[in-house]
Amino acid sequence: MLDILIQNGTVVDGSGLHPREMHVGVTGDRITMLTTKPCPAKTIIDATGLVVAPGFIDTHAHSEFSLLADGRAEGKIAQGVTTEINGNCGLSAAPLYGESFERRQSDMEEYHITERWHTFGEYFALLEARGIALNYATLCGHGNIRGSVVGYVDRPATRDELEIMQDMVAGAMRAGARGISTGLIYPPGMYATMDELVLLMRTAEEHMPGRRLLYATHLRSEGDRLLEAIDEAIGIASRTGSALHVSHLKTSGEHNWHKADAVVSRIKTAFQSGLMVTADRYPYIASSTDLDTILPKWVFDGGIAAEMSRLADPGMRKKIVQEIGLEEPVWRNIMVSSVCREQNAWMEGETLDVIAGKLGKPPVHALMDLLLEEESRTAAIFFSMNEENLKTFLRLPYLMIGSDSSARSFSGVTAKGKPHPRGFGSFPRFLGKYVRDMKLLSLQEAIHKMTQLPAETFGLEWRGLVRTNYFADIVVFDPARLSDPSEFRTPFRRAEGMAHVLVNGVFALRDGELTGALPGRILR
(Lines give C-alpha, C1' and ligand atoms only; values in the text may rest on other atoms or scores of the structure.)
Protein backbone atom coordinates (compact mmCIF):
# COMPACT_ATOMS: atom_id res chain seq x y z
CA MET A 1 0.00 0.00 0.00
CA LEU A 2 1.14 3.53 -0.76
CA ASP A 3 2.08 5.76 2.15
CA ILE A 4 0.65 8.88 0.49
CA LEU A 5 -1.60 9.38 -2.52
CA ILE A 6 -2.02 12.88 -3.93
CA GLN A 7 -5.09 12.53 -6.11
CA ASN A 8 -7.01 14.63 -8.63
CA GLY A 9 -4.27 17.23 -8.98
CA THR A 10 -2.88 18.91 -12.10
CA VAL A 11 0.66 17.57 -12.35
CA VAL A 12 3.26 19.98 -13.75
CA ASP A 13 6.14 17.53 -13.66
CA GLY A 14 9.12 19.89 -14.03
CA SER A 15 10.10 18.83 -17.55
CA GLY A 16 8.40 21.75 -19.27
CA LEU A 17 5.76 19.48 -20.80
CA HIS A 18 2.07 20.29 -20.61
CA PRO A 19 0.22 19.63 -17.31
CA ARG A 20 -1.63 16.34 -16.85
CA GLU A 21 -4.43 15.26 -14.56
CA MET A 22 -3.21 12.30 -12.51
CA HIS A 23 -2.59 10.81 -9.08
CA VAL A 24 0.88 10.74 -7.49
CA GLY A 25 1.79 7.89 -5.14
CA VAL A 26 4.57 8.01 -2.56
CA THR A 27 6.15 5.13 -0.66
CA GLY A 28 8.86 5.97 1.83
CA ASP A 29 11.03 8.72 0.38
CA ARG A 30 10.25 8.01 -3.30
CA ILE A 31 7.56 8.61 -5.87
CA THR A 32 6.43 5.10 -6.71
CA MET A 33 3.31 5.56 -8.81
CA LEU A 34 1.82 7.92 -11.38
CA THR A 35 -1.64 6.81 -12.39
CA THR A 36 -5.09 7.92 -13.44
CA LYS A 37 -6.76 5.17 -11.42
CA PRO A 38 -7.75 5.30 -7.74
CA CYS A 39 -5.38 3.51 -5.37
CA PRO A 40 -5.46 2.72 -1.64
CA ALA A 41 -3.05 4.64 0.56
CA LYS A 42 -2.46 5.27 4.24
CA THR A 43 -2.84 9.02 3.65
CA ILE A 44 -4.90 10.51 0.81
CA ILE A 45 -4.56 14.16 -0.20
CA ASP A 46 -7.28 15.57 -2.41
CA ALA A 47 -5.58 18.03 -4.79
CA THR A 48 -8.65 18.94 -6.82
CA GLY A 49 -8.09 22.37 -8.36
CA LEU A 50 -4.46 22.40 -7.21
CA VAL A 51 -1.12 22.06 -8.96
CA VAL A 52 1.24 19.22 -8.05
CA ALA A 53 4.88 19.89 -8.91
CA PRO A 54 8.42 18.94 -7.87
CA GLY A 55 9.72 20.76 -4.81
CA PHE A 56 11.35 24.05 -5.70
CA ILE A 57 15.14 24.34 -5.72
CA ASP A 58 16.56 27.62 -4.45
CA THR A 59 19.68 27.96 -6.59
CA HIS A 60 21.22 30.75 -4.55
CA ALA A 61 21.07 30.44 -0.77
CA HIS A 62 23.24 31.65 2.11
CA SER A 63 22.04 29.38 4.92
CA GLU A 64 25.36 28.02 6.19
CA PHE A 65 24.87 29.41 9.68
CA SER A 66 21.13 30.08 9.89
CA LEU A 67 20.25 26.43 9.16
CA LEU A 68 22.66 25.22 11.81
CA ALA A 69 21.04 27.63 14.28
CA ASP A 70 17.45 26.73 13.31
CA GLY A 71 16.87 23.93 10.84
CA ARG A 72 13.12 24.57 10.46
CA ALA A 73 13.69 26.98 7.54
CA GLU A 74 10.07 28.10 7.77
CA GLY A 75 10.39 31.02 5.38
CA LYS A 76 11.63 28.71 2.62
CA ILE A 77 9.33 25.75 3.31
CA ALA A 78 6.28 28.04 3.20
CA GLN A 79 7.30 29.00 -0.36
CA GLY A 80 7.67 25.39 -1.49
CA VAL A 81 11.46 25.27 -1.38
CA THR A 82 12.64 21.72 -0.69
CA THR A 83 16.33 22.07 -1.64
CA GLU A 84 18.87 24.87 -1.33
CA ILE A 85 22.15 25.39 -3.17
CA ASN A 86 24.49 27.01 -0.67
CA GLY A 87 28.12 28.13 -0.72
CA ASN A 88 27.47 31.01 -3.08
CA CYS A 89 29.35 34.28 -3.67
CA GLY A 90 32.63 32.78 -2.50
CA LEU A 91 31.34 32.02 1.01
CA SER A 92 30.67 28.47 2.15
CA ALA A 93 30.47 26.62 5.45
CA ALA A 94 33.99 25.25 4.93
CA PRO A 95 36.93 25.08 4.69
CA LEU A 96 37.50 27.36 7.66
CA TYR A 97 41.07 27.99 8.75
CA GLY A 98 43.19 31.00 9.61
CA GLU A 99 41.57 34.35 8.92
CA SER A 100 38.52 32.74 7.32
CA PHE A 101 37.87 30.88 10.56
CA GLU A 102 38.36 34.01 12.65
CA ARG A 103 36.14 36.07 10.36
CA ARG A 104 33.21 33.68 10.82
CA GLN A 105 33.28 33.70 14.62
CA SER A 106 30.92 36.68 14.81
CA ASP A 107 28.42 34.90 12.52
CA MET A 108 28.43 31.87 14.80
CA GLU A 109 28.11 33.98 17.92
CA GLU A 110 25.21 35.93 16.41
CA TYR A 111 23.29 32.66 15.99
CA HIS A 112 24.46 31.21 19.32
CA ILE A 113 26.35 28.41 17.59
CA THR A 114 28.80 26.97 20.10
CA GLU A 115 30.28 24.19 17.95
CA ARG A 116 33.29 24.87 15.73
CA TRP A 117 34.51 23.09 12.60
CA HIS A 118 37.08 23.36 9.84
CA THR A 119 36.08 20.91 7.10
CA PHE A 120 32.92 20.13 5.17
CA GLY A 121 32.84 16.69 6.75
CA GLU A 122 32.78 18.18 10.25
CA TYR A 123 30.12 20.72 9.25
CA PHE A 124 27.91 18.11 7.58
CA ALA A 125 28.05 15.97 10.72
CA LEU A 126 26.85 18.91 12.84
CA LEU A 127 24.08 19.77 10.42
CA GLU A 128 22.86 16.18 10.27
CA ALA A 129 22.87 15.94 14.07
CA ARG A 130 20.78 19.12 14.38
CA GLY A 131 18.34 18.20 11.60
CA ILE A 132 17.07 20.35 8.73
CA ALA A 133 13.69 20.75 7.07
CA LEU A 134 15.00 20.96 3.51
CA ASN A 135 17.80 19.41 1.47
CA TYR A 136 21.21 21.03 1.52
CA ALA A 137 23.72 21.08 -1.33
CA THR A 138 26.76 23.33 -1.48
CA LEU A 139 29.49 24.81 -3.58
CA CYS A 140 32.95 25.50 -2.19
CA GLY A 141 33.57 29.21 -1.65
CA HIS A 142 36.80 30.53 -3.12
CA GLY A 143 36.73 33.26 -0.46
CA ASN A 144 37.02 30.58 2.22
CA ILE A 145 40.00 29.06 0.46
CA ARG A 146 41.89 32.32 -0.10
CA GLY A 147 41.04 33.70 3.33
CA SER A 148 42.22 30.50 5.01
CA VAL A 149 45.60 30.58 3.28
CA VAL A 150 46.47 34.10 2.08
CA GLY A 151 44.21 36.09 4.38
CA TYR A 152 42.41 39.31 3.53
CA VAL A 153 45.33 41.10 1.91
CA ASP A 154 45.63 42.54 -1.58
CA ARG A 155 48.47 40.55 -3.09
CA PRO A 156 48.96 37.53 -5.33
CA ALA A 157 49.16 34.11 -3.72
CA THR A 158 52.64 32.60 -3.61
CA ARG A 159 53.41 29.25 -5.22
CA ASP A 160 53.37 27.52 -1.83
CA GLU A 161 50.06 29.16 -0.92
CA LEU A 162 48.53 28.08 -4.22
CA GLU A 163 49.50 24.49 -3.50
CA ILE A 164 47.80 24.64 -0.10
CA MET A 165 44.72 26.19 -1.72
CA GLN A 166 44.68 23.39 -4.28
CA ASP A 167 44.76 20.81 -1.49
CA MET A 168 41.78 22.51 0.16
CA VAL A 169 39.83 22.54 -3.09
CA ALA A 170 40.56 18.85 -3.61
CA GLY A 171 39.31 18.03 -0.12
CA ALA A 172 36.14 20.05 -0.63
CA MET A 173 35.32 18.29 -3.89
CA ARG A 174 35.91 14.87 -2.34
CA ALA A 175 33.60 15.84 0.55
CA GLY A 176 30.74 16.57 -1.87
CA ALA A 177 30.98 20.22 -2.94
CA ARG A 178 29.41 20.67 -6.38
CA GLY A 179 31.79 23.23 -7.81
CA ILE A 180 33.48 26.47 -6.87
CA SER A 181 31.87 29.84 -6.28
CA THR A 182 33.49 33.25 -6.26
CA GLY A 183 32.45 36.58 -4.80
CA LEU A 184 34.67 38.97 -6.70
CA ILE A 185 33.28 42.19 -5.20
CA TYR A 186 34.10 40.99 -1.68
CA PRO A 187 37.42 40.55 0.10
CA PRO A 188 39.37 38.36 -0.21
CA GLY A 189 37.94 37.16 -3.55
CA MET A 190 38.40 40.60 -5.10
CA TYR A 191 42.17 40.15 -4.81
CA ALA A 192 42.30 36.95 -6.88
CA THR A 193 43.68 36.97 -10.40
CA MET A 194 42.10 35.13 -13.29
CA ASP A 195 45.06 32.74 -13.33
CA GLU A 196 44.48 31.83 -9.68
CA LEU A 197 40.84 31.04 -10.35
CA VAL A 198 41.66 28.97 -13.42
CA LEU A 199 44.22 26.94 -11.47
CA LEU A 200 41.75 26.16 -8.68
CA MET A 201 39.00 25.26 -11.14
CA ARG A 202 41.32 22.81 -12.89
CA THR A 203 42.16 21.30 -9.50
CA ALA A 204 38.47 20.91 -8.74
CA GLU A 205 37.92 19.09 -12.02
CA GLU A 206 40.57 16.51 -11.14
CA HIS A 207 38.60 15.59 -8.03
CA MET A 208 35.10 15.53 -9.55
CA PRO A 209 35.19 12.34 -11.68
CA GLY A 210 31.92 11.78 -13.49
CA ARG A 211 30.52 15.15 -12.46
CA ARG A 212 30.23 18.36 -14.44
CA LEU A 213 32.61 21.08 -13.31
CA LEU A 214 30.67 24.20 -12.30
CA TYR A 215 31.98 27.73 -11.83
CA ALA A 216 29.40 29.96 -10.10
CA THR A 217 30.32 33.60 -9.78
CA HIS A 218 29.20 36.81 -8.20
CA LEU A 219 30.77 38.91 -10.92
CA ARG A 220 33.60 41.34 -10.26
CA SER A 221 31.18 44.13 -11.21
CA GLU A 222 27.44 44.23 -11.72
CA GLY A 223 27.41 47.90 -12.69
CA ASP A 224 30.01 50.14 -14.28
CA ARG A 225 32.26 47.28 -15.40
CA LEU A 226 29.56 44.66 -15.86
CA LEU A 227 30.46 43.75 -19.43
CA GLU A 228 34.14 43.34 -18.57
CA ALA A 229 33.14 41.15 -15.62
CA ILE A 230 30.96 38.95 -17.85
CA ASP A 231 33.91 38.60 -20.23
CA GLU A 232 36.16 37.54 -17.35
CA ALA A 233 33.70 34.89 -16.19
CA ILE A 234 33.28 33.52 -19.71
CA GLY A 235 37.07 33.51 -20.07
CA ILE A 236 37.50 31.43 -16.90
CA ALA A 237 34.88 28.94 -18.10
CA SER A 238 36.49 28.77 -21.54
CA ARG A 239 39.97 28.10 -20.15
CA THR A 240 38.78 25.38 -17.78
CA GLY A 241 36.00 23.77 -19.80
CA SER A 242 33.60 24.35 -16.92
CA ALA A 243 29.94 25.21 -16.97
CA LEU A 244 29.42 28.85 -16.01
CA HIS A 245 26.69 29.95 -13.62
CA VAL A 246 26.18 33.71 -13.17
CA SER A 247 24.77 34.58 -9.77
CA HIS A 248 21.87 37.07 -9.49
CA LEU A 249 22.18 38.37 -13.05
CA LYS A 250 21.55 42.11 -12.98
CA THR A 251 22.41 45.57 -14.24
CA SER A 252 22.98 47.72 -11.17
CA GLY A 253 22.62 51.50 -11.28
CA GLU A 254 20.39 53.48 -13.61
CA HIS A 255 23.29 54.50 -15.85
CA ASN A 256 23.96 50.77 -16.44
CA TRP A 257 20.43 49.62 -17.20
CA HIS A 258 21.05 49.88 -20.94
CA LYS A 259 23.63 47.07 -20.72
CA ALA A 260 21.07 44.26 -20.36
CA ASP A 261 20.96 43.47 -24.09
CA ALA A 262 24.74 43.42 -24.31
CA VAL A 263 24.93 41.00 -21.37
CA VAL A 264 22.44 38.65 -23.02
CA SER A 265 24.33 38.95 -26.31
CA ARG A 266 27.64 37.99 -24.71
CA ILE A 267 26.06 34.95 -23.07
CA LYS A 268 24.50 33.95 -26.40
CA THR A 269 27.92 34.16 -28.06
CA ALA A 270 29.37 31.98 -25.29
CA PHE A 271 26.63 29.41 -25.93
CA GLN A 272 27.43 29.43 -29.62
CA SER A 273 31.09 28.75 -28.83
CA GLY A 274 30.07 25.60 -26.96
CA LEU A 275 30.03 26.84 -23.35
CA MET A 276 27.27 25.83 -20.96
CA VAL A 277 25.97 28.99 -19.27
CA THR A 278 23.19 29.37 -16.72
CA ALA A 279 22.20 32.10 -14.28
CA ASP A 280 19.90 32.85 -11.37
CA ARG A 281 17.90 35.85 -10.24
CA TYR A 282 15.36 36.82 -7.59
CA PRO A 283 12.15 38.54 -8.81
CA TYR A 284 12.81 41.93 -7.20
CA ILE A 285 14.50 45.13 -8.36
CA ALA A 286 16.31 45.71 -5.07
CA SER A 287 19.43 43.80 -4.05
CA SER A 288 20.87 43.20 -0.59
CA THR A 289 24.39 42.71 0.67
CA ASP A 290 26.92 44.14 3.11
CA LEU A 291 26.63 47.90 3.55
CA ASP A 292 30.38 48.36 3.29
CA THR A 293 30.43 47.22 -0.35
CA ILE A 294 29.92 50.93 -1.11
CA LEU A 295 33.48 51.60 0.04
CA PRO A 296 36.50 51.66 -2.30
CA LYS A 297 38.33 48.36 -2.70
CA TRP A 298 41.51 49.56 -0.96
CA VAL A 299 39.65 50.11 2.32
CA PHE A 300 39.34 46.34 2.85
CA ASP A 301 43.01 45.46 2.40
CA GLY A 302 44.28 43.74 5.54
CA GLY A 303 40.95 42.66 7.02
CA ILE A 304 38.37 44.12 9.38
CA ALA A 305 40.86 45.74 11.78
CA ALA A 306 42.53 47.58 8.92
CA GLU A 307 39.15 48.63 7.53
CA MET A 308 38.10 50.02 10.92
CA SER A 309 41.40 51.88 11.26
CA ARG A 310 40.90 53.58 7.91
CA LEU A 311 37.30 54.50 8.72
CA ALA A 312 38.49 56.15 11.92
CA ASP A 313 41.32 58.09 10.28
CA PRO A 314 40.32 61.66 9.24
CA GLY A 315 42.63 61.65 6.24
CA MET A 316 41.36 58.29 5.05
CA ARG A 317 37.76 59.39 5.56
CA LYS A 318 38.33 62.40 3.33
CA LYS A 319 39.76 60.15 0.63
CA ILE A 320 36.81 57.76 0.96
CA VAL A 321 34.33 60.62 0.58
CA GLN A 322 36.09 61.79 -2.58
CA GLU A 323 36.18 58.31 -4.11
CA ILE A 324 32.62 57.27 -3.28
CA GLY A 325 31.29 60.34 -5.03
CA LEU A 326 27.64 59.35 -4.65
CA GLU A 327 25.11 62.03 -5.48
CA GLU A 328 22.57 63.02 -2.86
CA PRO A 329 19.54 61.17 -4.34
CA VAL A 330 21.39 57.81 -4.16
CA TRP A 331 21.21 57.74 -0.36
CA ARG A 332 17.40 57.49 -0.59
CA ASN A 333 17.88 54.13 -2.31
CA ILE A 334 20.00 52.48 0.37
CA MET A 335 18.09 50.99 3.29
CA VAL A 336 19.77 49.51 6.37
CA SER A 337 18.36 46.01 6.89
CA SER A 338 20.31 44.64 9.85
CA VAL A 339 22.65 45.80 12.59
CA CYS A 340 24.14 44.02 15.59
CA ARG A 341 24.11 46.70 18.29
CA GLU A 342 20.84 47.29 20.08
CA GLN A 343 21.30 51.06 20.14
CA ASN A 344 21.27 51.09 16.34
CA ALA A 345 18.21 48.86 15.88
CA TRP A 346 16.07 51.92 15.08
CA MET A 347 17.99 52.23 11.82
CA GLU A 348 16.70 48.92 10.47
CA GLY A 349 14.21 49.68 7.72
CA GLU A 350 15.40 53.28 7.33
CA THR A 351 17.26 54.72 4.36
CA LEU A 352 20.63 56.40 4.78
CA ASP A 353 19.29 59.87 3.99
CA VAL A 354 16.71 59.53 6.81
CA ILE A 355 19.31 58.14 9.21
CA ALA A 356 21.68 60.98 8.37
CA GLY A 357 18.94 63.55 8.90
CA LYS A 358 18.13 62.18 12.33
CA LEU A 359 21.82 62.14 13.27
CA GLY A 360 22.42 65.61 11.85
CA LYS A 361 25.32 64.67 9.63
CA PRO A 362 25.95 64.08 5.89
CA PRO A 363 24.92 60.62 4.64
CA VAL A 364 28.45 59.55 3.77
CA HIS A 365 29.61 60.33 7.32
CA ALA A 366 26.59 58.57 8.78
CA LEU A 367 27.57 55.56 6.65
CA MET A 368 31.16 55.52 7.88
CA ASP A 369 30.19 56.08 11.51
CA LEU A 370 27.66 53.26 11.40
CA LEU A 371 30.19 50.87 9.88
CA LEU A 372 32.65 51.83 12.62
CA GLU A 373 30.14 51.28 15.42
CA GLU A 374 29.01 47.95 13.99
CA GLU A 375 32.53 46.83 13.02
CA SER A 376 31.20 46.48 9.48
CA ARG A 377 28.52 43.93 10.46
CA THR A 378 25.71 45.81 8.77
CA ALA A 379 23.57 44.69 5.83
CA ALA A 380 21.61 46.92 3.48
CA ILE A 381 19.08 46.84 0.68
CA PHE A 382 19.94 48.69 -2.52
CA PHE A 383 17.12 49.90 -4.79
CA SER A 384 19.17 50.08 -7.97
CA MET A 385 17.60 47.90 -10.66
CA ASN A 386 15.06 48.09 -13.45
CA GLU A 387 11.75 46.24 -13.87
CA GLU A 388 12.02 45.84 -17.64
CA ASN A 389 15.48 44.32 -17.35
CA LEU A 390 14.21 41.98 -14.65
CA LYS A 391 11.47 40.74 -16.98
CA THR A 392 14.01 40.31 -19.77
CA PHE A 393 16.19 38.14 -17.53
CA LEU A 394 13.29 36.11 -16.11
CA ARG A 395 12.30 35.10 -19.64
CA LEU A 396 15.74 33.67 -20.44
CA PRO A 397 15.50 29.89 -20.84
CA TYR A 398 18.71 29.31 -18.88
CA LEU A 399 17.80 31.52 -15.91
CA MET A 400 16.60 29.97 -12.64
CA ILE A 401 15.15 31.43 -9.46
CA GLY A 402 17.57 32.02 -6.60
CA SER A 403 16.48 33.94 -3.53
CA ASP A 404 20.00 35.05 -2.52
CA SER A 405 18.89 34.67 1.09
CA SER A 406 19.38 32.58 4.20
CA ALA A 407 16.74 30.24 5.53
CA ARG A 408 14.94 31.92 8.42
CA SER A 409 12.00 31.04 10.62
CA PHE A 410 9.21 33.18 12.04
CA SER A 411 10.40 32.76 15.63
CA GLY A 412 13.67 32.03 17.32
CA VAL A 413 17.22 33.18 16.74
CA THR A 414 16.90 33.78 12.99
CA ALA A 415 13.77 35.98 13.30
CA LYS A 416 15.46 39.35 13.59
CA GLY A 417 16.36 42.40 11.56
CA LYS A 418 14.58 43.40 8.38
CA PRO A 419 16.05 41.05 5.79
CA HIS A 420 15.14 41.35 2.13
CA PRO A 421 11.64 39.92 1.48
CA ARG A 422 13.10 37.65 -1.20
CA GLY A 423 13.85 35.18 1.59
CA PHE A 424 10.11 34.79 2.19
CA GLY A 425 8.50 35.45 -1.18
CA SER A 426 10.73 34.83 -4.21
CA PHE A 427 9.00 31.70 -5.50
CA PRO A 428 5.34 32.67 -5.03
CA ARG A 429 6.16 36.15 -6.34
CA PHE A 430 7.64 34.69 -9.52
CA LEU A 431 4.71 32.34 -10.07
CA GLY A 432 2.05 34.84 -8.98
CA LYS A 433 3.14 38.23 -10.27
CA TYR A 434 5.27 37.32 -13.28
CA VAL A 435 3.73 34.05 -14.50
CA ARG A 436 0.04 34.15 -13.53
CA ASP A 437 -0.55 37.90 -13.76
CA MET A 438 1.99 39.18 -16.31
CA LYS A 439 2.12 35.93 -18.30
CA LEU A 440 5.85 36.21 -18.99
CA LEU A 441 6.01 32.43 -19.21
CA SER A 442 3.70 29.44 -19.15
CA LEU A 443 3.30 27.67 -15.83
CA GLN A 444 5.16 24.61 -17.08
CA GLU A 445 8.09 26.74 -18.29
CA ALA A 446 8.25 28.51 -14.94
CA ILE A 447 8.14 25.29 -12.92
CA HIS A 448 10.93 23.86 -15.10
CA LYS A 449 13.13 26.83 -14.14
CA MET A 450 12.66 26.00 -10.44
CA THR A 451 12.98 22.21 -10.61
CA GLN A 452 14.52 20.13 -13.39
CA LEU A 453 16.78 22.88 -14.75
CA PRO A 454 18.52 23.54 -11.41
CA ALA A 455 18.64 19.83 -10.58
CA GLU A 456 20.51 19.18 -13.82
CA THR A 457 22.72 22.26 -13.46
CA PHE A 458 23.88 21.38 -9.95
CA GLY A 459 23.92 17.61 -10.42
CA LEU A 460 21.09 16.71 -8.04
CA GLU A 461 20.33 13.15 -9.03
CA TRP A 462 16.76 11.83 -8.84
CA ARG A 463 15.36 15.24 -7.95
CA GLY A 464 13.57 17.96 -9.89
CA LEU A 465 10.85 15.90 -11.57
CA VAL A 466 7.59 14.22 -10.63
CA ARG A 467 8.58 10.82 -11.98
CA THR A 468 8.59 7.32 -10.58
CA ASN A 469 11.72 6.47 -8.57
CA TYR A 470 12.48 10.15 -7.99
CA PHE A 471 12.70 11.41 -4.43
CA ALA A 472 9.36 12.62 -3.13
CA ASP A 473 10.13 16.32 -2.93
CA ILE A 474 6.68 17.57 -3.90
CA VAL A 475 4.66 20.78 -3.62
CA VAL A 476 0.90 21.16 -3.92
CA PHE A 477 -0.38 24.70 -4.37
CA ASP A 478 -3.27 26.84 -5.50
CA PRO A 479 -1.96 28.97 -8.40
CA ALA A 480 -4.79 31.47 -7.97
CA ARG A 481 -3.85 32.13 -4.33
CA LEU A 482 -0.07 32.34 -4.60
CA SER A 483 1.15 35.62 -3.16
CA ASP A 484 4.11 37.14 -1.34
CA PRO A 485 2.92 39.46 1.45
CA SER A 486 6.47 39.96 2.74
CA GLU A 487 7.56 43.60 2.38
CA PHE A 488 10.80 45.47 2.95
CA ARG A 489 9.81 46.91 6.33
CA THR A 490 7.75 43.87 7.38
CA PRO A 491 9.60 40.91 5.88
CA PHE A 492 8.61 38.17 8.32
CA ARG A 493 5.31 37.32 6.63
CA ARG A 494 4.48 33.88 5.25
CA ALA A 495 3.93 33.21 1.59
CA GLU A 496 0.36 32.25 0.72
CA GLY A 497 -1.13 29.62 -1.56
CA MET A 498 1.02 26.61 -0.67
CA ALA A 499 -1.13 23.70 0.57
CA HIS A 500 1.37 20.88 1.07
CA VAL A 501 5.16 20.48 0.92
CA LEU A 502 6.81 17.07 1.08
CA VAL A 503 10.56 16.66 1.57
CA ASN A 504 11.81 13.13 1.01
CA GLY A 505 8.26 11.86 1.43
CA VAL A 506 7.60 13.65 4.74
CA PHE A 507 5.19 16.56 5.20
CA ALA A 508 7.08 19.74 6.06
CA LEU A 509 3.88 21.68 5.42
CA ARG A 510 0.42 20.08 5.50
CA ASP A 511 -2.91 21.73 4.86
CA GLY A 512 -1.12 25.06 4.84
CA GLU A 513 0.43 24.56 8.27
CA LEU A 514 4.12 24.11 9.03
CA THR A 515 4.73 20.74 10.68
CA GLY A 516 8.16 21.34 12.20
CA ALA A 517 9.44 18.11 10.64
CA LEU A 518 13.14 17.93 9.76
CA PRO A 519 13.35 15.43 6.87
CA GLY A 520 16.01 17.27 4.84
CA ARG A 521 19.24 15.65 3.77
CA ILE A 522 22.73 16.73 2.80
CA LEU A 523 23.16 16.10 -0.92
CA ARG A 524 26.81 15.20 -1.36
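In this text the structure is predicted, and so the values were computed from the model without any measurement.

The rules behind the values
Residues numbered from 1 in each chain as written. Predicted model: local features only at pLDDT ≥ 70, side-chain atom pairs only at ≥ 80, totals over all residues. Heavy atoms only, no water. Axes fitted to C-alpha atoms, helices over the stretch in contact; angles between N-to-C directions. Helix = DSSP H or I, 4+ residues; strand = E, 2+ residues; numbered from the N terminus. Parallel < 35°, antiparallel > 145°, perpendicular 65-115°, else oblique. Contact = heavy atoms within 4.5 Å. Nonpolar A, V, L, I, M, F, W, Y, C, P; charged D, E, K, R; others polar. Buried < 20%, exposed > 50% of the residue type's maximum accessible area, 1.4 Å probe, protein only. Pairing = 2+ DSSP bridges. Salt bridge = Lys/Arg side-chain N within 4 Å of Asp/Glu carboxyl O. Expected span 1.5 Å × (residues − 1). Core = buried A, V, L, I, M, F, W, Y, C linked by side-chain atoms within 4.5 Å. Domains from an automatic or database assignment.

J.: Describe the packing of helix 13 (residues 352–359) against helix 14 (residues 363–373), listing the residues and the values that go with them.
T.: To characterise two packed helices, one gives the angle between the axes of the helices and the distance between these axes. Packing of helix 13 against helix 14 brings their axes to within 8 Å, and their N-to-C directions diverge by 90°. Between helix 13 and helix 14, the angle falls in the class roughly perpendicular. In contact with Leu352, Ala356 and Leu359 of helix 13, helix 14 contributes Pro363, Ala366 and Leu367. Looking at side-chain class alone, the contact of helix 13 with helix 14 contains six nonpolar, no polar and no charged residues.

J.: Tell me what's going on with the environment of Thr193, and back it up with residues and numbers.
T.: With respect to the helices, strands and loops of the structure, Thr193 is situated in the loop between strand 10 (180–183) and helix 8 (194–206). Residue classification places Thr193 among the partly exposed positions, given a relative accessible area of 39%. Sequence separation between Thr193 and Ala175 is 18 residues, and the spatial gap between their C-alpha atoms is 26 Å.

J.: Hey, could you go over the sheet that holds strand 14 (residues 286–290) for me, with residue numbers and the actual values?
T.: Strand order in the open sheet formed by three strands is 14-16-15, with antiparallel pairing between adjacent strands. Each edge of the open sheet carries a strand with a single partner, namely strand 14 and strand 15 (334–338). Going across the sheet, the axis of each strand differs from the next one's by a mean of 30°, ignoring polarity. With five bridges joining them, strand 14 and strand 16 (residues 379–383) adopt antiparallel strand pairing. Opposite Ser287, over in strand 16, you have Phe382 as the bridge partner.

J.: Please set out the pattern of salt bridges residue by residue, giving values where relevant.
T.: Applying the stated criterion across every chain, the model contains 30 salt bridges. Notably, a salt bridge pairs Lys42 with Asp3, separated by 3.3 Å at the nearest N-O pair. Residue Lys42 is located in strand 4 (residues 41–46), and its partner Asp3 is located in strand 1 (residues 2–11); the two are separated by 39 residues in the primary sequence. Residue classification places Lys42 among the exposed positions, given a relative accessible area of 61%. A salt bridge links Asp369 to Lys361, with the shortest nitrogen-to-oxygen separation between them at 2.7 Å. Residue Lys361 is classed as partly exposed on the basis of its relative accessible area, which comes to 27%. Taken together, the shared-partner salt bridges connect Arg104, Asp107, Glu110, Arg377 and Lys416 into one network.

J.: Outline the sheet that holds strand 7 (residues 81–86), listing residues and values.
T.: Judged by pairing direction, the sheet is parallel, and its three strands sit side by side in the order 6-7-8 without closing on themselves. Only two strands of the sheet have a single partner each, and these edge strands are strand 6 (56–58) and strand 8 (135–138). Ignoring which end each strand starts from, the neighbouring axes of this sheet average 20° apart. Note that strand 7 and strand 8 share four bridges and pair parallel. Residue Asn86 lies in a different strand from strand 8, and its bridge partner there is Thr138.

J.: Any chance you could break down helix 16 (residues 422–437) for me, citing the residues and the numbers?
T.: Helical geometry: 3.6 residues make up each α-helical turn, so side chains three or four residues apart lie on a common side. Compared with an ideal rise of 1.5 Å per residue, which puts 16 residues at 22 Å, helix 16 spans 19 Å between its outermost C-alpha atoms and falls more than 12% short. Counted residue by residue, helix 16 has 13 buried out of 16 residues, so it is predominantly covered. Backbone geometry just downstream of helix 16 places Lys439 in the positive-phi region, at approximately 60°.

J.: I'd love a proper account of the nonpolar core, names of residues and values included.
T.: Within the largest apolar cluster, 97 residues are counted, with the highest numbers of intra-cluster contacts made by Phe56, Trp117, Met173, Phe430, Leu431 and Phe477. The dominant element in this core, judged by the number of residues it contributes, is helix 9 (residues 226–240), at eight residues. Shared between two domains, this core takes at least three residues from each, and those domains are domain 1 (2–54 + 466–481 + 494–514) and domain 2 (56–289 + 384–457). Grouped together as the second largest cluster of nonpolar side chains are 25 residues, Met308, Met347, Val364 and Leu367 included.

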